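Here is how the chains run, residue by residue.
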Amino acid sequence: MTTSTTTKTMRQSTLETMGLGTVLDMFRSGKLPVLTEDLVDRVFGPADDRGSMVISGANGIVGAGKTMQFASRLIDFGVRIVALDFPGSPDGLGKQYPGLVRAFGKDGAAKIMGNVVQLTYDGKSLPSELGQLNPRFLLEAIPEILSIKREHYETFRAAFPDIAIRSVTSGFPSSELGVGISHPAFPHEINKIFEVVEDEPSDITRLMWALGLIPLEVSDDWAFVLDVLFCGITNAAVQYHQASNMPYWKIDKFVRRLAGPNPFRAHDAIGAKGANFLTWSCLHHLGEQYGDLFSPARQMLSHKDTGRDWYPPNHFRPMVDWKLDAEAEEEFNTWILGPLYQMTSLMVAEKRSHFAQLNVIGEMCAQFRKGTLALMRAAGADGVRKTVERYHQLFPAAADSAWHPEILEQIDSPEWQQLYVNAECDGETGVITLGRESYNYDIDAELNRAIDWLKEVGVTSVILTGDFHLTTQLVGADTSEFYPAIEDEAAGTRVSNDWSRTARRLADEFETSVGVVTGKRCLGGMLELMLHCDYLIGADETRFGFPEVTLPVIPGMEGCHWPIRKTKGEGRTKVLQMLLGGRPISAADGVGWLLDASGSVEYVLQTAWSIATGGDHGITRRTIETGAIKDLPTEVPGIKPGSGATEEARRAIRACVDASCAVKLSKAVDVQSKHSGGFMITETCRRGIVGSDYTKTMKI
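Treat the numbers as computed from the prediction; the structure is a model and nothing was measured.

Topic: the side chain of Thr-697
So, step 1. Here Thr-697 shows up in helix α29 (residues 689-698).
So, step 2. Classification of Thr-697 as buried rests on a relative accessible area of 2%.
So, step 3. Leave out the neighbours within four places in its chain, and Thr-697 touches Lys-253, Arg-256, Arg-257, Arg-369 and Tyr-483.

Shown next as structure tokens:
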């Protein structure tokens, strides 16, 4: 636990790594710690002397994606984007246009593209037009050749001595480059995460945060965090191929079932020629630095030299039906998890990043279902040691480098135990923050520990919210947690029951609880969780919805009766429209029956704090109906007919609504849990998104 004169926290907020204070500070002050307009002025100059942002290598896959990402966010602040590349380079920017149209419409896309100035240069001297655009910030995305990068920076510094420079490099440390790092995650058009290396949190990093991106401060070590994990799991999979001769595409299926990612497919999707080189380059330098744990496997070198895809033509794949018995599967798991655990031990020992950030990079960037710290926590210290020891028996060369079992002594620390959920308080009022976009059993356990901690220190009022950093949206339940329920009705009932009883603690164990949502959207299970608070407040731009009917599943955290019990009359019809139609609503449209208030982010912060601290907020607390409800609307207007599966899901959801509302609140958890678990084993659910993902992931 860390403690200041006014705030106690379970562990450090990730916002503090950027010098932005705690979430509790934000609510107390009633405003965000920085304003986008002020940061734009600091980075690009005042409005009457506004400079531009240059992205070099702008036609490459990274440069083009980042050009569109920054162009769409900076256009309203008068910042021109200069896209710089060699003449004759493939038109990577043009490929981004259809995506812009889908996101912003034709007019919006044209406006954004119109704010991008495309210039070419010879690599040695800069175009004369660049000076007229007053460049203040260079984001470098040129090829991963150290000497070329250094020359590139010198060229810019000679022309523009005060320009700020960041590299998107996949592996070179800042100490080698001589500039700061802003390493973005793939896919570059939509992934908001940047690994940031700098001496102190800068205005550039804070501006990225203010623009809705997710900068994560990491240490200045080779390959940062993402590429250690992604390149590492790729190398582990290649090593297993060399030991077993199992085809790469089949290995991908087992890796996906075990951990989540498809490393070989990802290389082919990105573009094998470039991706193979980058992975080899990272592993090569990591191997030189840390030893054979990272040294590129023989086939990695071959694929780097040839640039060929890992997957064969589709028609070859079904011909190889390779299964694993229990002993062989344990060996496979050891080949994959052993090096991942060992690599993570190195990053923890080096203090590469805040534990929550190190963990989330694996999930949001490398596509692990659970980050490696969460995996290690679930395995336990002894389980991790045994797995790494077995790996060293299979691959003895790794035993002599980069293994730090001493870090396992930290596994019971708050930093490791609270990877996703943090709690802060000032003695009477607490704030619980969610640092994961989807709800799972890890969140559930951590939320219970956070509630316990707040009660132990005497907190009587609580605010539940996202963490204003790692969660730019709350998308609902992690549907991979439903996989066991596809085969086992009891497993589905248990998920629904367990999570619902956790949510009820927000309603039952504090004098006042306030749910606060300021991100892009709040859906499904996350909305059900927030609705258990006495009050729910949302920012104007936030969308709320129950998409379960489209998956299809039955809402399992009391969504079929709790919001109905908190409203009356027309409000109940509107809740049913959301449940049966699956269409989201704006925060403002939900006030009075789903939400209690909406407004600007500042209004939300101030109002939530006023409610939690007993101030004069003027909002009436809605009560929940604890008895059976006998006047449910029988007809729900505005529901358009859907497919057969949608209609079956609607009937199942309506049946759950009727049954869980027909009993007292004290019995409703068990009723709705049985309906939710019972639906998951149906053919309708199996044919839907959750069932299809389960089959694709678990049935090899």
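Picking up where we left off.
Let's talk about the environment of Asp-325
So, step 1. In this structure, Asp-325 sits in the loop between α13 (298-306) and α14 (326-349).
So, step 2. For Asp-325, a relative accessible area of 49% puts it in the partly exposed group.
So, step 3. At 2.7 Å, the side chain of Asp-325 and the backbone nitrogen of Ala-328 are in polar contact.

Describing the pairing of strand β8 (residues 180-184)
So, step 1. Burial analysis of β8 places 5 of its 5 residues in the buried class, which makes it a mostly covered element.
So, step 2. Across the two faces of β8 the burial is the same, with Gly-180, Ser-182 and Pro-184 and Ile-181 and His-183 all buried.
So, step 3. Both strand β7 (residues 164-167) and β8 contribute to a ladder of 2 bridges, which runs parallel. Residue Ser-167 lies in a different strand from β8, and its bridge partner there is Ile-181.
So, step 4. Pairing geometry for β8 and strand β9 (residues 193-197), over 4 bridges, is antiparallel.

Details of the packing of helix α9 (residues 226-244) against α13
So, step 1. Direction vectors running N to C along α9 and α13 enclose 110°, while the axes themselves pass 8 Å from each other. When the interaxial angle is binned, α9 and α13 end up roughly perpendicular. Residue-level contacts link Thr-234, Asn-235, Val-238, His-241 and Gln-242 of α9 to Arg-298, Gln-299 and Met-300 of α13.
So, step 2. Among the residues forming the contact of α9 with α13, the class breakdown is 2 nonpolar, 5 polar and 1 charged.

Conventions used here
Residues numbered from 1 in each chain as written. Predicted model: local features only at pLDDT ≥ 70, side-chain atom pairs only at ≥ 80, totals over all residues. Heavy atoms only, no water. Helix = DSSP H or I, 4+ residues; strand = E, 2+ residues; numbered from the N terminus. Buried < 20%, exposed > 50% of the residue type's maximum accessible area, 1.4 Å probe, protein only. Contact = heavy atoms within 4.5 Å. Polar contact = N/O pair within 3.5 Å; in protein donor to acceptor, adjacent residues only side chain to side chain. Pairing = 2+ DSSP bridges. Axes fitted to C-alpha atoms, helices over the stretch in contact; angles between N-to-C directions. Parallel < 35°, antiparallel > 145°, perpendicular 65-115°, else oblique. Nonpolar A, V, L, I, M, F, W, Y, C, P; charged D, E, K, R; others polar.

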